[in-house]
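Now for the letters of each chain:
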Amino acid sequence: MGQAAARFEYGLPDEGLSGDSGAANDRVQERPLGWSHGEGRGVQPLAVSIFADRGYLRAEMAEDAAAAGLRVAQTSDLERLVADVATPGLGDVVLVDCPVIDGSELAALSRLDSRAAQSGSQLVVSTSIGSLDEVYGCLDQSEAQILVTPSRAERVIAMGRVLARTGNRVRELGEEDRLTLLRLTEQVTNIAARLEQLSSGNNVDAETASAFRFNGENGEAGPTRLDDGTDRLVRTARPPLPDPRLVRKIIRQRQLRARFFEGDLFADPAWDMLLDLTAARVEHVRVSVTSLCIASGVPPTTALRWIGQMTDAGLLQRVDDETDRRRAFITLTDKAADAMARYFAELGSSANALV
């Protein structure tokens, strides 16, 4: 793979594609996953642009992209983004590594996010937990994947998710399939991480294709009842959200298990995030992306995937910081708050017996 990565060019020879159509089709089917149909050339690889300051990482990312069947169109350091010169068109896939980011790089990342959204490029950005809030705040248009201090395996998995999006395969999945795919991605990530340790010695829209559902008519949460006067179905009033002290006790109880058992055994990031945001809503406290990732109890990259999925499902929403456009917060949507309130109301006094 190293020799291929050093070339940075993986053109498809034209010969043989215009003659015997059967043989040509056979050859097309043997192409790697990253190959796609193009005008006039039959089949051509998806182009990838790579921006990273660390030279060894640029080479590593290029090598992995080539192994996935992508064509490395350009590699550069972050200064190229900051300069905002007339660069060639963005690749179909754009990989960016910015573990520590300053104001000029944030502005460049915001411009890149806008360009990617307009061009349809798939953006994958890796950063550190210390820069996560700022990076997340810049990426609000392109549906970028954000990785936090990723392993090489996690970068490869991210490229696989990009290829699945590009091939429109994800949009064909049903609700249960999407949830299964998300959990399978987590399992593959965990397996890959363990293998690395051993080797080193250490878009259908959210309402129709979401992995999460709301009960009720027309997707609305909450039960209905028959009105005595008109014989019409009406929604019952939403009960108040639970006492945040109760929710915090439940969270602490859930976290206590990690002291005695392997934490991954009880990982339930969606529920842990819903609990944290429920308490925060009643306490009138804003929750940053970093804080929510920590509350999820899973690695930040995994938590970000769940945040994206739950946002698509209408459970969570992004709220920009009015005083600092580089920051964003996460809150429950009204529908999610309604569902959580009704859940705790259904538990009633028995909720105290759970803690």
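Please read all numbers here as calculations on a predicted model, not as lab measurements. Residue positions are given per chain, counting from 1 as you read along its sequence in written order. Reporting of local features is limited, given that this is a predicted model, to residues whose pLDDT is at least 70; pairs of side-chain atoms are given and counted only at 80 or more, and all residues count toward the totals for whole chains, interfaces and linings. Processing note: side-chain calculations cover all non-hydrogen atoms of the structure and skip hydrogens and water entirely.

(A) Main features of the pairing of strand E12 (residues 328–332). With four of five residues buried, E12 lies mostly within the body of the structure. When DSSP finds at least two bridges between two strands, those strands are taken to pair. Elements are defined by DSSP. Helices are runs of H or I of four residues or more, strands are runs of E of two residues or more, and each kind is numbered from the N terminus. Pairing of strand E10 (residues 287–288) with E12, which is carried by two bridges, proceeds in the antiparallel orientation. Opposite Ser288, over in E12, you have Phe329 as the bridge partner. Exposure categories follow from relative accessible area, calculated using a 1.4 Å probe and restricted to protein chains: below 20% of the type maximum is buried, above 50% is exposed, and the middle band is partly exposed.

(B) A look at the sheet that holds strand E6 (residues 122–127). A sheet is described by the order of its strands in space; here five strands give the open sequence E4-E3-E5-E6-E7, paired in parallel fashion. Two strands bound the open sheet, and with one partner strand each, they are strand E4 (71–76) and strand E7 (145–148). Along the sheet, successive strands turn relative to each other by an average axial angle of 15 degrees, direction set aside. Inspection of the sheet shows strand E3 (residues 47–52) paired to E4 by five bridges, in the parallel sense. Considered in E4, the bridge of Ile50 is made with Thr75. Contacts were defined at the residue level, with two residues in contact if any of their heavy atoms lie within 4.5 Å. Here, axes are lines fitted to C-alpha atoms. For helices the fit covers the stretch in contact, and angles between N-to-C directions go from 0 to 180 degrees. Packing of helix H3 (residues 55–67) onto the sheet brings it into contact with E3, E4 and strand E5 (93–97), and relative to E3 it is tilted by some 160 degrees.

(C) Summary view of the pattern of salt bridges. Any Lys or Arg side-chain nitrogen located within 4 Å of an Asp or Glu carboxyl oxygen qualifies as a salt bridge. Throughout the structure, instances matching the rule amount to 16 salt bridges. Asp321 is paired through a salt bridge with Arg286; the nearest N and O atoms lie 3.9 Å apart. With Asp321 in the loop between strand E11 (316–320) and E12 and Arg286 in the loop between helix H11 (269–283) and E10, this pair connects stretches of sequence that are 35 residues apart. Owing to a relative accessible area of 4%, Asp321 belongs among the buried residues under this scheme.

(D) Quick peek at a nonpolar patch on the surface. Side chains of Leu256, Phe260, Phe261, Leu265 and Phe266 sit close together on the surface and give an oily, nonpolar patch of about 520 Å² of accessible area. One can find Leu265 in the loop between helix H10 (244–256) and H11. Patch membership requires more than 30% relative accessible area and the absence of a salt bridge. Residues of like charge join within 9 Å; the nonpolar side chains Val, Leu, Ile, Met, Phe, Trp and Tyr join within 5 Å. A 1.4 Å probe and the Shrake-Rupley method give the accessible areas. Residues count as covered only by the protein chains that appear here.

(E) Molecular detail of the pairing of E3. For E3, the buried fraction is high: six of the six residues fall into the buried class. Residues Ala47, Ser49 and Phe51 of E3 are buried on one face, and the alternating residues Val48, Ile50 and Ala52, pointing to the opposite face, are buried as well. Pairing between E3 and E5: five bridges, direction parallel. Within E5, the position partnered with Ile50 by the bridge is Leu95.

(F) Structural detail: the sheet that holds E10. A sheet is described by the order of its strands in space; here three strands give the open sequence E10-E12-E11, paired in antiparallel fashion. Each edge of the sheet is formed by a strand with only one pairing partner; in this case those strands are E10 and E11.

(G) Structural context of the environment of Asp77. Take Asp77: it is sitting in the loop between E4 and helix H4 (78–83). Residue class for Asp77 comes out partly exposed when judged on its relative accessible area of 29%. Residues Asp77 and Val96, 19 residues apart in the sequence, show an inter-C-alpha distance of 9.2 Å. If we ignore the near neighbours within four places in the chain, the residues touching Asp77 are Phe51, Ala52, Asp53 and Arg58.

(H) Just unusual backbone geometry, in detail. Positive phi, normally seen in glycine, also occurs at Glu143, with a value near 55 degrees. With respect to the helices and strands, Glu143 occurs in the loop between helix H6 (132–138) and E7. Notably, Thr149 is not glycine yet its phi reads approximately 40 degrees, a positive angle. You can see Thr149 is positioned in the loop between E7 and helix H7 (152–166). On the basis of relative accessibility, which here comes to 59%, the residue Thr149 falls in the exposed class.

(I) A look at the packing of aromatic side chains. Ring geometry is summarised as follows: Phe, Tyr and Trp rings, the Trp one being its six-membered ring, pair when their centres sit within 6.5 Å, and such pairs are stacked at plane angles under 30 degrees, edge-to-face over 60 and tilted between the two. Evaluated as defined, the whole model comprises three aromatic pairs. Between Trp271 and Tyr343, the ring centres sit 5.2 Å apart and the planes meet at 80 degrees, which makes this aromatic pair edge-to-face. Of the two residues, Trp271 is situated in helix H11 and Tyr343 in helix H14 (residues 334–347); the sequence distance between them amounts to 72 residues. Here Trp271 falls in the partly exposed class, since its relative accessible area comes to 23%. Look at Tyr343 and Phe344: their rings are 5.2 Å apart centre to centre, the planes differ by 85 degrees, and that puts the pair in the edge-to-face class. Given a relative accessible area of 35%, Tyr343 falls into the partly exposed group. Overall, Phe344 belongs to the buried group, its relative accessible area being 7%. These aromatic residues form a ring-pair network of at least three members: Trp271, Tyr343 and Phe344.

(J) Representation of the nonpolar core. We define the nonpolar core as a collection of buried residues of types Ala, Val, Leu, Ile, Met, Phe, Trp, Tyr and Cys that are connected through side-chain atoms lying within 4.5 Å of one another. Residues Val96, Leu109, Leu304, Ile307 and Leu316 are the most contacted members of the largest nonpolar core, which totals 54 residues. Counting residues per element, this core draws most heavily on H11, at seven residues.

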